[in-house]
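# Summary of the model geometry
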Amino acid sequence: MAAISDVPADRSPAARTTKLAIVGAGAVGSTLAFAALTRGSARTIALHDVNRAKVEAEVLDLRHGLMFTSQAHVIGSDDVAVCADADVVVVTAGAKQKPGQTRLDLAEGTIGLMRQILPPLVEVAPDATYLMVTNPVDVVTYAALQISGLPREQMFGSGTVLDSSRLRAGLAERCGVAVANVHAYIAGEHGDSEIALWSSASIGGVPLLEWEPLAGHPPLDAAVRAEVHREVVDSAYRIIAGKGATNYAVGLAATRIIEAVLKDEGRIMPVSSLLDDYHGIGDVCLSVPSLVDRRGVPGTVRVPLSDEELVGLRASAESVRGVLRRFGF
């Protein structure tokens, strides 16, 4: 019998393993790595950060928990080569949002950072699917597509997946039902101009606008819907004011997107991608319900929009375009 040291490093079982690379080992990146590890999202998790001491410490901390997770390999480095041959690259590096700042306020510094980090990333992982999580995610995703030269389906943003989760949680609480029974999307900018797609939402198969409240719960009238939507828009500001960063829910949301890619799920998610005549809107990255699979985002789903929703989505697109124009895009 061969000793362990005699077994070739490239031995099979021929089942292909998966590699997830996370760029940025800050609050979001490290939490995302933890979420992916505990969920068993990928066989190899690679962390990359320019702060060598930070990334090595995060890797060591994650490795110490491997006894309690699915089998995985955790690596990290300040050298971009650690991301080589990744199946999915998630970019979380960027300027940190401070209390009182909007996501769009972060654009200038973060776009400059993308110009530095994307070319070497694409060089070592040209076939990866790229998920942009850095805010302002719609602006950053559009700029990253121009900088990288990657096809539109191969690079997209986390968009309003988290916002939609916040919306569903708020609705579930008011209706007295499980979050899993609520189907509703936030669309548009991941930010102040985002809109709720009430006209296509449902609860337990019942159109949301026709929902009859259960005993002890309020009706979902226009005032309640507006309150829920405002809570979604303001929630990140509240969290940042209280603890300095959002990390847990965004880490879980990004991990769920990653799994949709790695497992080729064909899942419908409101991610941010480069639109082409979506209800007449194009040449801007916005979140709309989209197909997510191993190709990335090969297409969008044209959900029906009310006149008010269409006006809101167009206004959101113009808000993002206005920021892009400020930076020459």
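Definitions and limits used
Residues numbered from 1 in each chain as written. Predicted model: local features only at pLDDT ≥ 70, side-chain atom pairs only at ≥ 80, totals over all residues. Heavy atoms only, no water. Salt bridge = Lys/Arg side-chain N within 4 Å of Asp/Glu carboxyl O. Buried < 20%, exposed > 50% of the residue type's maximum accessible area, 1.4 Å probe, protein only. Helix = DSSP H or I, 4+ residues; strand = E, 2+ residues; numbered from the N terminus. Pairing = 2+ DSSP bridges. Axes fitted to C-alpha atoms, helices over the stretch in contact; angles between N-to-C directions.

## Quick look at the pattern of salt bridges
Between side chains of opposite charge, pairing is possible as soon as their charged atoms come close. Taken as a whole and judged by the stated rule, the model has 13 salt bridges. Between E265 and R256 there is a salt bridge, with the nearest N and O atoms lying 3.1 Å from each other. In this structure E265 comes out as partly exposed when scored by relative accessible area, which is 30%. For R294, the salt bridge is made with D264, and the minimal N-O distance between the two is 3.4 Å. Highlighted residues: R294 in the loop between β15 (290–293) and β16 (296–300) and D264 in the loop between α7 (248–262) and β12 (267–269), separated in sequence by 30 residues. Note on R294: relative accessible area 56%, which makes it exposed.

## Here we look at the sheet that holds β12
With antiparallel pairing, 3 strands are arranged side by side in an open sheet as β12-β15-β16. Sheet topology places β12 and β16 at the edges, where each strand pairs with a single neighbour. On average, each strand axis in the sheet is inclined to that of its neighbour by 40 degrees, with strand direction left out of account. Inspection of the sheet shows β15 paired to β16 by 3 bridges, in the antiparallel sense. Residue pairing in the sheet places L291 in a bridge with G299 of β16.

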